[in-house]
Every structure is written in structure tokens, then in C-alpha cells.
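Secondary and tertiary structure notes
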Amino acid sequence: MVVVSDSALKRARLSRNLTLEEAADLLNEITGGATDASLMSGWESGRKRTGARNRRGLCQLYSEPSEVLFAHQDGQNPASLLEASGTDVVVRLLTRYTDLVDAMVEVAAGAREHLVVTGSRSREKVYLDAIETTVAQQPDLVHCRVLYGPPRHQAMTEHLVRLLELRDPSERRNGVKGLSIGLVEPDTALERFFIASERAAVVPLPSFHGADGFDCGVLLGGEAALGLVQHGREACASARPVETIEAVRSLPVRHGGALWQGEA
């Protein structure tokens, strides 16, 4: 991945004498999201690709067209990096429940910079414990949980409470928010499930063995994982924050209503 030091996106910010933090705050006023300075820096350097919602917001903020602000990102054609790799981005196909859970646990345990998890249905204790352990042991880790609708099991509610006991979402370490929990309303976006770090990711698949199974998925390598980290962070930034114990406990627990029984 090519990293640039002087993009049009960065020049637009500097021409308005804005810090990364100030630009992020102004963008959030437009989009209703929760973009931070770290993400803004990644967009400016080309290390991260800006999603559609934030592209529109930045074009509005800087009064510049998309083809100017994001030429440094689009010129690299990041999508082609994965497309050219084909199935090489898939490290392993997972076809047993134990293999799937073990891989998800390994992704959680191996995260050092970012850990993004999406979904509202988790209840596998060893997996949720692995996430909590990593959050507790890695103070510089940035953890995002994106809920698609309220929790489906009480175990998920208690997991969210434990995360909030471990970290205060209002606190920033090295200028970066260390914990974000966002709720996407069910009618706003399709539900999706994955766990991703800066090193690897697991995406559950519909079971190959039966309609009610949760036992199949793919383990993905670093390039795909970084794309999912960005996906999750942008989804969390535009979701409704649920970042107090009281707010979490006030969410209804919608038992059942799904075929899968342990998604991310």
C-alpha cells in the first residue's frame, strides 16, 4: 500500500487551519458519526479508504469534489489489491464449530492495535472472555463493537457491561478513543457478522451442515482484515452510541428470531 505525505484531503484541512481533531469534530457534526483524529490521518495518508458517507461529509466540509479530495485513495485502486489476490486472502475454510470458535478466539487474542466485532447474537463464553481479556491486557488497543439491533441473548448484554467496566468510552489514550459501542437500528442496514484485528479476521458463513448450524466460516489474512477493521470502525462511527452501563441494560433482549446461534 502506497502512503502519501501530502494529499489533497490533507491540504484542504490545512488550508482551513484545522487540526485533525477539529476536522473530525466538524465532520461528525455533518454525518452524525464519531470519526476521530486517527481515522482522519489514515484517510489523508491513504492508509485507509474513506467510505461513502464520510466522503460526502468531507466534500461538504471542504467544498471540494470527491475526485479531487480522494484521488490519492482512488488512484491506488485499493479494491484491486484484494481482487488480484483472489482466494489467496482466505487463509482457511472453517467447517466445524470448534474450529470456527477457536479461530475467532485467536483473532481476539492476537489483536494489538484494533479489534472490531459486529453482531448482536454472541453467547459463546470462551469467545466473549477472549475479547474481554484482550481489552483488559492491551491498553493501547482500539475496540469497536457494532450491534445490529439490540442483544439477542443476556450473555451479550453482560459482555457489554463488562467491557464498560473495563474501559470508559469517554477516555482517550494517545488521543484515540479506546472503546466504542454503537447500535445500528435493524431497519437501517443489513446485519453482518465478523471479528477483525489488524492481523486476521473471521467471517462466519451459513452452515454447510444444516439450517440451524453455526459451524462454518472463513479465516482471512491481513489485507482483508484491515478492510474489515475500517468497515467496522465506519459502521460504529455512524451508529447510535450505547456507551453507559445504564444504556446497555435498558436495551431489550430479543431472544430467538434467528437461525444462527452464536454469531460474532
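Counting starts from 1 at the beginning of each chain's written sequence and moves along it residue by residue. In keeping with the predicted nature of the model, local features appear solely for residues at pLDDT of at least 70, side-chain atom pairs appear and are counted solely at 80 or more, and the whole-chain, interface and lining totals rest on all residues. Calculation of side-chain values draws on the structure's entire complement of heavy atoms; hydrogens and water are dropped beforehand.

Right, let's talk about the environment of F214 for a bit. Structurally, the position occupied by F214 is in the loop between β8 (201–205) and β9 (216–220). Relative accessibility thresholds used throughout: buried, under 20% of the residue-type maximum; exposed, over 50%; partly exposed, between the two (1.4 Å probe, protein chains only). A relative accessible area of 8% places F214 in the buried class. Between the C-alpha atoms of F214 and T95, which are 119 residues apart in sequence, the distance is 9.5 Å. Helix numbers and strand numbers start at the N terminus; a helix is a DSSP run of H or I with at least 4 residues, a strand a run of E with at least 2.

Any two strands with at least two DSSP bridges between them are considered paired. Pairing geometry for strand β7 (residues 194–197) and β8, over two bridges, is antiparallel. Bridge assignment links I195 to a residue of β8, and that residue is V202. Counting the residues in the hairpin turn of β7 and β8 gives three residues. The pairing of β8 with β9 spans five bridges and is classified as antiparallel. From the neighbouring strand, L205 faces β9, where its bridge partner is C216.

On to a negative patch on the surface. Among the surface-exposed residues, E21, E22, D25 and E29 lie close enough to one another that they form a single negatively charged patch. Given the relative accessible area of 44%, E21 is considered partly exposed. A patch consists of residues exposed above 30% relative accessible area that lack any salt bridge, with like charges linked at up to 9 Å and nonpolar side chains (Val, Leu, Ile, Met, Phe, Trp, Tyr) linked at up to 5 Å. Here the open area of atoms and residues is found with the Shrake-Rupley method and a 1.4 Å probe, where only the protein chains shown may cover a residue. Between Lys or Arg on one side and Asp or Glu on the other, a salt bridge is scored when a side-chain nitrogen of the former is within 4 Å of a carboxyl oxygen of the latter. In this tally, Asp and Glu contribute negative charge and Lys and Arg positive charge; neither His nor the terminal groups of the chain are included. Every charge is mapped to an atom, namely NZ of Lys, CZ of Arg, CG of Asp or CD of Glu.

All right, on to the layout of surface pockets then. A pocket, in this scheme, is an open set of points on a 1 Å grid over the protein atoms alone with protein on both sides within 12 Å along at least 5 of 7 lines, while a cavity is a set where a 1.4 Å probe fits but cannot get out; residues line either one if an atom lies within 4 Å of a point. Grid points are joined across faces, edges and corners, and a volume is the space filled by probe spheres set on the points. Of the voids in this model, the second largest pocket is the one considered here, and its volume is about 200 Å³. E113, D140, V142, R173 and V176 are the residues nearest the centre of the second largest pocket, which is lined by 14 residues in total. Residues are grouped as follows: nonpolar covers Ala, Val, Leu, Ile, Met, Phe, Trp, Tyr, Cys and Pro; charged covers Asp, Glu, Lys and Arg; every other residue, Gly included, is treated as polar. For the lining of the second largest pocket, the class distribution of residues is four nonpolar, four polar and six charged.

Time to look at the packing of helix α9 (residues 125–137) against helix α10 (residues 154–166). Put simply, α9 and α10 touch, their axes get as near as 10 Å, and they point 5° apart. Put simply, α9 runs roughly parallel to α10. For the pair α9 and α10, the contacting residues are L128, I131, E132, V135 and A136 in the first and A155, H159, R162, L163 and L166 in the second. For the contact of α9 with α10, the class distribution of residues is seven nonpolar, one polar and two charged. With axes taken as lines fitted to C-alpha atoms, and helix axes fitted only over the stretch in contact, angles between N-to-C directions fall between 0 and 180 degrees. Orientation labels follow simple angle bins: below 35 degrees gives roughly parallel, above 145 gives roughly antiparallel, 65 to 115 gives roughly perpendicular, and whatever is left gives oblique. Should any heavy atoms of two residues lie within 4.5 Å, those residues are counted as being in contact.

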